Amino acid sequence: MKTVLALVVGVVIGVVVWLLGVPAQWAVVLAVPPTAFCVLVSRLPRATDVLWVSAPPPPGSISTAHASTLASRLEEAAGDPRRYDERFRARLARLGVEVDVPDPKTLAEKLRRVE
């Protein structure tokens, strides 16, 4: 429908120019560029068209992801104390953290509250 309207605008421009006294061939030649422009504009998507899209989900913080992953791993390690000592205490020691780490169940519960 927009394209037809653009073509009608071109014909109107040609007729108006012809009525002003320009020969018919020149009226057509003068009406073609504005008609082509109107057709082009009618086919382009509008920059101001509203896109009804839901709001993006709020970004999760990286600490939440790490806390939930660590909490699940601590929960697994709670059943196996050797695994807890090998995985967490050794890693914390390599990082230079020399604090008294609570037992896995307590630490997992604290991390769940951080989430």
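Now for a quick tour of the structure. (Residues numbered from 1 in each chain as written. Predicted model: local features only at pLDDT ≥ 70, side-chain atom pairs only at ≥ 80, totals over all residues. Heavy atoms only, no water.)

1. As for the side chain of Ser 42
- With respect to the secondary-structure elements, Ser 42 resides in helix H2 (residues 24-43).
- Here the side chain of Ser 42 touches Val 39 through a polar contact of 2.7 Å, landing on its backbone oxygen.
- Look past the residues within four positions of Ser 42 in its chain and what remains in contact with it is Lys 2, Thr 3 and Ala 6. (Helix = DSSP H or I, 4+ residues; strand = E, 2+ residues; numbered from the N terminus. Polar contact = N/O pair within 3.5 Å; in protein donor to acceptor, adjacent residues only side chain to side chain. Contact = heavy atoms within 4.5 Å.)

2. Some points on the nonpolar core
- Counting residues in hydrophobic clusters, the biggest one holds seven residues: Ala 71, Leu 74, Ala 77, Tyr 84, Phe 88, Ala 108 and Leu 111.
- The set of elements that each furnish at least two residues to this core consists of helix H3 (62-78), helix H4 (81-94) and helix H5 (104-114).
- A total of three residues in this core trace back to one element, the largest contributor, which is H3.
- Once you skip the residues sitting within four places of it in the chain, Leu 74 turns out to touch Tyr 84, Phe 88, Pro 104, Leu 107, Ala 108 and Leu 111. (Core = buried A, V, L, I, M, F, W, Y, C linked by side-chain atoms within 4.5 Å. Buried < 20%, exposed > 50% of the residue type's maximum accessible area, 1.4 Å probe, protein only.)

3. Brief notes about helix H1 (residues 2-19)
- With 18 residues, H1 should reach 26 Å at 1.5 Å per residue; the first-to-last C-alpha distance of 26 Å fits that figure.
- For H1, the full list of buried residues reads Ala 6, Gly 10, Gly 14 and Val 17. Along the axis of H1, the buried positions cluster into a sector of 80 degrees, meaning they face one direction only. Turned more than 90 degrees away from the buried face of H1 sit Leu 5, Val 11 and Leu 19, all of them exposed.
- Residues of H1 that are buried sit in contact with H2. (Expected span 1.5 Å × (residues − 1). Arc of directions from axis to C-beta.)

4. Let's talk about a nonpolar patch on the surface
- Side chains of Val 4, Val 8, Val 12, Val 16 and Leu 20 sit close together on the surface and give an oily, nonpolar patch of about 460 Å² of accessible area.
- Along the chain, Val 16 turns up in helix H1. (Patch = residues over 30% accessible without salt bridge, like charges linked within 9 Å, V, L, I, M, F, W, Y side chains within 5 Å. Areas by Shrake-Rupley, 256 points an atom, 1.4 Å probe, with all protein chains shown as cover. Salt bridge = Lys/Arg side-chain N within 4 Å of Asp/Glu carboxyl O.)

5. Focus on the environment of Ala 108
- Summarising the element assignment, Ala 108 is placed in helix H5.
- Since its relative accessible area comes to 7%, Ala 108 is described here as buried.
- Sequence separation of Ala 108 and Glu 75 is 33 residues, and the distance between their C-alpha atoms is 6.3 Å.
- The residues contacting Ala 108, other than those within four sequence positions of it, are Ala 71, Leu 74 and Glu 75.

6. Digging into the environment of Thr 35
- With respect to the secondary-structure elements, Thr 35 resides in helix H2.
- Its relative accessible area of 13% is what places Thr 35 among the buried residues.
- Between the alpha carbons of Thr 35 and Leu 5 there is a distance of 9.9 Å; along the sequence they are 30 residues apart.
- When neighbours within four sequence positions are excluded, Thr 35 is seen to be in contact with Ala 6, Leu 7 and Gly 10.
- Polar side-chain contacts of Thr 35 include one of 2.6 Å to the backbone oxygen of Ala 31.

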